[in-house]
Amino acid sequence: MADPAWFALFAELPRESVVEVEGTVRRSEKSNRGVELFPSAVRVITRSEVPLPLGVVDKVGADLDTRLDHRVLDLRKPAVRAIFELRAVVLAGFRRAFTDRGFLEVETPKLLRQGAEGGATLFPVQYFDQRAFLAQSPQLYKQMLMGAGFERVFEIAPAFRAEPSDTVRHITEFTSLDAEMAYIDGPEDLRATLEEVIRETLTRTKAELTEKDHPFAGGIPELTAPFPRIPFETAEEWLGRPGAEQDFGTEDEKVIGVRAEKEYGSPFYFLVDYPTAVKLHTFYAWRNDANPRKTGYFDLGFHGIEIASGGPREHRIDRLTENMTAGGFDPKDFPGYLEAFRFGMAPHGGWGLGIDRIVWMLTGLPNIRETRLFPRDRYRLDP
Ligand code: ATP
């Protein structure tokens, strides 16, 4: 029989305190877990303050802002921790799928002198007596590594975008899975590899989580159908505006996602053959001389959300510098990047895939912020 003093101690000890207990574990019909612990010694290691700003075992849910304000307590909930277990398995799966295909994992600088994606979403940084920027993507470095003869690289790293819009799918710091491949014949080589890598990663993730009876195992799709390639023009017809040459908005993407799933039985789909007028591509995108109206760029959608975007890059230095000038960039500002093209550069291409977006879609949660431990957005820098 346990000492009644323990009851008094535990009755008064605030929830979430940390204790060390020595005792005997016995089978018990009365307890939910089928066992009871009879203490012989108890030591309080840290007492929790009261009241808790956020309940950890309460059935009543708190709103997302309150949860994120007290994220450490929120992360103690098994249902929240489960998101990060899923995320870790997905990341491990991607690493393995790329490595098995001969891709080298790389890490490129996140403090840059120049951005590649245009000024509007760049975060400036005071870098001693110079101005620098946080990397929006590893784009230019991935290409430089093609110039270094690495041929196949991937990187899983933070990307920073000063997104002023407050949406459920944008955050200012996200994890980007970027890949770049040399000696491609065209965008289909890229799409085929991306499709394979996703299929393999999700198949492994589903198997591993199912074995553990994990709460997110059921939501991971079984990818039996090929990912359809939907021409931009077909998607425009689905939206009832053929030939409009207007980029797709959030609502359009949802409609396309539902239709793609209905017609092809696949939650993933490529949107291909973007018109040049729509995909406002930056200087590094390959120009399609055979059909200047179309780019080789594509997006990958998953349940109606864009999760990746990619295409072939320009490897001809004369075209590259022309594009820079036409886009308002000064080639003199990119000496290291351009040097990579001056001494032999293979045709190449790649893509960027948002890890947070794919994990978000796999969980079915309402907001992308839930997939990051400590998300950053327009208004949130703490905790
Ligand atoms: P969107 O049109 O959804 O704003 P984007 O066209 O700016 O995305 P890209 O520059 O093509 O995105 O980036 C490639 C991928 O990186 C996107 O498909 C997405 O998965 C991810 N991504 C880009 N911006 C964000 C963001 N602010 N928050 C979360 N993920 C992002």
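Since we're looking at a predicted model, the values are computed, not measured. (Residues numbered from 1 in each chain as written. Predicted model: local features only at pLDDT ≥ 70, side-chain atom pairs only at ≥ 80, totals over all residues. Heavy atoms only, no water.)

Glancing now at the pairing of strand S11 (residues 298-302). Successive side chains on a regular strand alternate, one facing one side of the sheet and the next facing the other. Among the five residues of S11, five are classified as buried, and the element is accordingly described as predominantly covered. Going residue by residue along S11, you find Phe-298, Leu-300 and Phe-302 tucked away on one face and Asp-299 and Gly-301 tucked away on the opposite face as well. Here strand S10 (residues 268-272) pairs with S11 via four bridges, running antiparallel. Note on S11: the bridge partner recorded for Leu-271 is Asp-299. As defined by bridge partners, S11 adjoins strand S12 (residues 305-312) across five bridges and the pair is classed as antiparallel. Directly across from Asp-299, in S12, lies its bridge partner Ser-309. Remark: two residues form the turn of the hairpin made by S11 and S12, two consecutive strands paired antiparallel; His-303 in that turn has positive phi of roughly 50°. (Buried < 20%, exposed > 50% of the residue type's maximum accessible area, 1.4 Å probe, protein only. Helix = DSSP H or I, 4+ residues; strand = E, 2+ residues; numbered from the N terminus. Pairing = 2+ DSSP bridges.)

The three strands lie next to each other as S4-S6-S5, forming an open sheet whose pairing is antiparallel. The sheet is open, and its two edges are formed by strand S4 (111-112) and strand S5 (124-127), each paired on a single side. Looking at chain direction, S5 and strand S6 (residues 130-134) are connected through four bridges and run antiparallel. Bridging across to S6, Val-125 finds its partner in Ala-132.

The next point concerns the pattern of salt bridges. Using the criterion set out here, one finds 39 salt bridges in the structure. A salt bridge links Asp-74 to Arg-67, with the nearest nitrogen and oxygen atoms 2.9 Å apart. No difference in accessibility class separates Asp-74 from Arg-67, as the two residues are buried. Between Arg-319 and Glu-322 there is a salt bridge whose closest N-O contact spans 3.7 Å. One end of the pair is Arg-319 and the other is Glu-322, both in helix H9 (residues 317-326) and three residues apart, which spans about a single turn. You can call Glu-322 partly exposed: its relative accessible area is 47%. It is possible to trace a salt-bridge network through shared partners that takes in Arg-96, Asp-100, Arg-101, Glu-196, Glu-200 and Arg-204. (Salt bridge = Lys/Arg side-chain N within 4 Å of Asp/Glu carboxyl O.)

By volume, the second largest pocket is sized at about 290 Å³. In this structure, the second largest pocket is lined by 20 residues; those nearest its centre are Arg-113, Gln-114, Leu-140, Tyr-141 and Phe-334. By residue number, the principal contributor to the lining of the second largest pocket is helix H5 (residues 139-147), which donates four residues. Looking at the lining of the second largest pocket, its residues break down into eleven nonpolar, six polar and three charged. (1 Å grid on protein atoms, 1.4 Å probe; cavity = no way out; pocket = protein on both sides within 12 Å on 5 of 7 lines; lining within 4 Å. Points joined across faces, edges and corners; volume = space filled by probe spheres on them. Nonpolar A, V, L, I, M, F, W, Y, C, P; charged D, E, K, R; others polar.)

Now for the site of the ligand. Around the ligand, a shell composed of 14 residues is seen, among which Arg-161, His-170, Ile-171, Glu-306 and Ile-307 lie nearest. Residue Ile-171 places a main-chain N or O atom 2.9 Å away from a nitrogen atom belonging to the ligand. Within the contact set of the ligand, an oxygen atom lies 2.8 Å away from a backbone nitrogen or oxygen of Ile-307. Protein contact buries 82% of the 590 Å² of open area that the ligand shows by itself. Those elements that place two or more of their residues in the shell around the ligand are S12 and strand S13 (348-354). The element contributing the most residues to the shell around the ligand is S12, with four residues. (Near = heavy atom within 4 Å. Polar contact = N/O pair within 3.5 Å; in protein donor to acceptor, adjacent residues only side chain to side chain. Areas by Shrake-Rupley, 256 points an atom, 1.4 Å probe, with all protein chains shown as cover.)

Bringing the environment of Val-56 into the picture now. If you trace the backbone, Val-56 turns up in the loop between strand S2 (35-46) and helix H2 (64-69). For Val-56, a relative accessible area of 11% translates into the label buried. Among all residues touching Val-56, those that are not within four sequence positions of it are Glu-16, Leu-73, Arg-76 and Lys-77. (Contact = heavy atoms within 4.5 Å.)

Glancing now at the side chain of Glu-314. Relative to the helices and strands, Glu-314 is located in the loop between S12 and H9. For Glu-314, a relative accessible area of 0% puts it in the buried group. Beyond its immediate sequence surroundings of up to four residues, Glu-314 is in contact with Gln-143, Phe-283, Tyr-284, Ala-285, Trp-286, Arg-287, Arg-319, Leu-320, Asn-323, Phe-341 and His-348.

Turning next to the nonpolar core. One finds Ile-198, Phe-268, Ile-307 and Leu-353 to be the most contacted residues of the largest nonpolar core, which totals 51 residues. The element contributing the most residues to this core is helix H4 (residues 78-100), with eleven residues. With residues up to four places along the chain from it excluded, the contact list for Leu-353 reads Thr-175, Ser-176, Leu-177, Leu-194, Ile-198, Ile-307, Ala-308 and Ile-358. Formed by 19 residues, the second largest nonpolar core is a distinct cluster that contains Met-146, Leu-320, Leu-338 and Ala-346. (Core = buried A, V, L, I, M, F, W, Y, C linked by side-chain atoms within 4.5 Å.)

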